[in-house]
Amino acid sequence: MAFSPSKFIPGAVEDIKKSVGSDRCIIAVSGGVDSMVAAALAARAVPSQLACIFVDTGFMRKNETKNVEEAARKAGIPLKVVEESERFIKKLEGVSDPEQKRKIIGEQFIRVFEEAAKKERVKVLIQGTIAPDWIESGGGGRQTIKSHHNVGGLPENIELRLCEPLRELYKHEVRMLGKELGLPRHVFERQPFPGPGLAVRIVGEISREKLEIVRDACAIVEEEIDNASASGRMERPWQYFAAVLPSKTVGVAGDERIYKYTVVVRAVGSLDGMTANFSLIPHDVLSSISTRITNEVRGVGRVTYDITNKPPSTIEME
Ligand code: XMP
């Protein structure tokens, strides 16, 4: 049966009311569509018991804090920004295994929520978990593909009760819900962004240099593809971003040898993130992305385009 957002909303609001009871609850908004929609539902269900926070992990996109604050204000979601970038970066020092990185990030999120919860006297954590998050984290007896920060990345000892109103939904259904709830178009149409943020777009060990590279490269990929799609030169992909590889390669600038990082550009078409096909980006768009990244982002000497589908690869590199 086709998903009906107008039928889903009253049931979800009732479920949230039941699950929260007379307690206070907290939701962490990431700026992505899932948490924004979960926050909008919670704001309908339990407005006077709800605290909303945005955790700046240091792995956010360029200007993200400002953008999320503005989007939340427009959507009527009262938001408190919690700056925790040093904490997350320090905990990830020297860690290169993708699953370990995800688990550390998942745990730190919970510790930040618990600290915020104590201040706000909160007992329930509302999360925007959707179906692919728990399916890929090994839910329903499946093998773990990757531990999504809000499911498989959660520590075992959590002091908060979980409430996940979007648990059974897929991304396209969440977008329909966002529209029905009256969220701004740029919020419910926004491309997905993983909870662990840019940390999973730095393949292997994180460094501040690689973080700056991937943040700037992602901004260029978004800008170029948004412009090309807006002017009708290509269809807007489902998701598009950059990642940085751990090893450097040799290049040449003028008549000097350079030895710099490689950035991978990724753009895919998908319905629900469970499978994906790499997008056919016009060569002139790829060319301006490459020229801009090597000219504008310090430390990058090579740009490649990822031409793998999911499966066998996943959308993110870690
Ligand atoms: P993969 O990389 O598994 O990604 O093909 C499928 C979709 O999920 C996003 N993704 C995440 N979203 N927490 C999230 O909220 C996570 O830990 C996470 N990991 C991947 C990814 O960006 C893609 O849209």
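Residues numbered from 1 in each chain as written. Predicted model: local features only at pLDDT ≥ 70, side-chain atom pairs only at ≥ 80, totals over all residues. Heavy atoms only, no water.

A. Quick look at the nonpolar core. Counting residues in hydrophobic clusters, the biggest one holds 57 residues, and the most contacted among them are Ile-53, Phe-59, Phe-113, Val-221, Ile-225 and Ile-293. In terms of residue count, the dominant contributor to this core is helix H9 (residues 208–230) (9 residues). Here this core spans two domains, since at least three of its residues come from each of domain 1 (5–188) and domain 2 (202–305). Setting aside residues up to four positions removed in sequence, Ile-53 forms contacts with Ile-26, Ile-27, Ala-28, Val-29, Leu-79, Lys-80, Val-82, Phe-113 and Ala-116. If you look at the next biggest cluster of nonpolar residues, it comprises 39 residues, including Phe-3, Val-29, Ala-72 and Leu-177. (Core = buried A, V, L, I, M, F, W, Y, C linked by side-chain atoms within 4.5 Å. Buried < 20%, exposed > 50% of the residue type's maximum accessible area, 1.4 Å probe, protein only. Helix = DSSP H or I, 4+ residues; strand = E, 2+ residues; numbered from the N terminus. Domains from an automatic or database assignment. Contact = heavy atoms within 4.5 Å.)

B. Just the domain arrangement of the protein, in detail. Once the domains are mapped, the protein shows domain 1 (5–188) and domain 2 (202–305). On the domain 2 side, the residues contacting the 18 residues of domain 1 number 15 residues. Interface area for domain 1 against domain 2, summed over the two sides, is near 1500 Å², with a carbon-plus-sulfur share of 59%. Looking only at domain 1, the three residues that lose the most surface to domain 2 are Lys-62, Lys-101 and His-172, adding up to 27% of its buried area. (Buried area = accessible area lost by both parts, 1.4 Å probe.)

C. Broad picture of the packing of aromatic side chains. Applying the stated criterion across every chain, the model contains 3 aromatic pairs. Consider the rings of Phe-88 and Phe-109, whose centres lie 5.3 Å apart with planes at 65°: the pair is edge-to-face. Of the two residues, Phe-88 sits in helix H4 (residues 85–91) while Phe-109 sits in helix H5 (residues 98–120), which places them 21 residues apart along the sequence. Summarising the burial analysis for this pair, Phe-88 and Phe-109 share the class buried. Judged by centre distance (5.8 Å) and plane angle (35°), the ring pair of Phe-109 and Phe-113 falls under tilted. In this pair, Phe-109 and Phe-113 are both assigned in helix H5, 4 residues apart and thus about one turn of the helix distant. Comparing Phe-109 with Phe-113, the two get one shared label, buried. Joined through ring pairs, the aromatic side chains of Phe-88, Phe-109 and Phe-113 make up one cluster. Arg-61 extends its terminal NZ or CZ atom over the ring of Phe-193, reaching a point 4.0 Å from the ring centre. The cationic tip of Arg-201 hangs over the ring face of Phe-241; the distance from NZ or CZ to the ring centre is 3.9 Å. (Phe/Tyr/Trp six-rings, centres within 6.5 Å; stacked < 30°, edge-to-face > 60°. Lys NZ or Arg CZ within 6 Å of the ring centre and 35° of its normal.)

D. Spatial organisation of unusual backbone geometry. That bond from Lys-310 to Pro-311 is cis: its omega, -10°, falls within 30 degrees of zero. Its location among the elements puts Pro-311 in the segment after strand S9 (300–305). The omega torsion across Pro-311 and Pro-312 is 15°, close enough to zero to call that bond cis. Structurally, Pro-312 can be placed in the segment after S9.

E. Main features of the site of the ligand. Not every one of the 16 residues close to the ligand is listed here, only the nearest: Glu-136, Lys-146, Gln-239, Lys-310 and Glu-316. In the environment of the ligand, an oxygen atom lies 2.8 Å from a nitrogen or oxygen atom belonging to the side chain of Arg-102. At 2.5 Å from an oxygen atom of the ligand is found a side-chain nitrogen or oxygen belonging to Glu-136. For the ligand, whose free accessible area comes to 490 Å², the fraction covered by protein is 93%. Taken together, domain 1 (5–188) and domain 2 (202–305) each give at least three residues to the shell around the ligand, which thus spans both. (Near = heavy atom within 4 Å. Polar contact = N/O pair within 3.5 Å; in protein donor to acceptor, adjacent residues only side chain to side chain. Areas by Shrake-Rupley, 256 points an atom, 1.4 Å probe, with all protein chains shown as cover.)

F. Looking closely at the packing of H9 against helix H10 (residues 283–296). Where H9 contacts H10, the two axes come as close as 10 Å, and the packing angle between them is 150°. If you check the angle between H9 and H10, you find them roughly antiparallel. The way H9 lies across H10 gives a crossing that is right-handed. Contact residues: H9 offers Ala-217, Ile-220, Val-221, Glu-223, Glu-224, Ile-225 and Ala-228, while H10 offers Val-285, Ser-288, Ile-289, Arg-292, Ile-293 and Glu-296. Tallied by class, the residues present in the contact of H9 with H10 amount to 8 nonpolar, 1 polar and 4 charged. (Axes fitted to C-alpha atoms, helices over the stretch in contact; angles between N-to-C directions. Parallel < 35°, antiparallel > 145°, perpendicular 65-115°, else oblique. Left-handed = near helix turned anticlockwise from the far one by under 90°. Nonpolar A, V, L, I, M, F, W, Y, C, P; charged D, E, K, R; others polar.)

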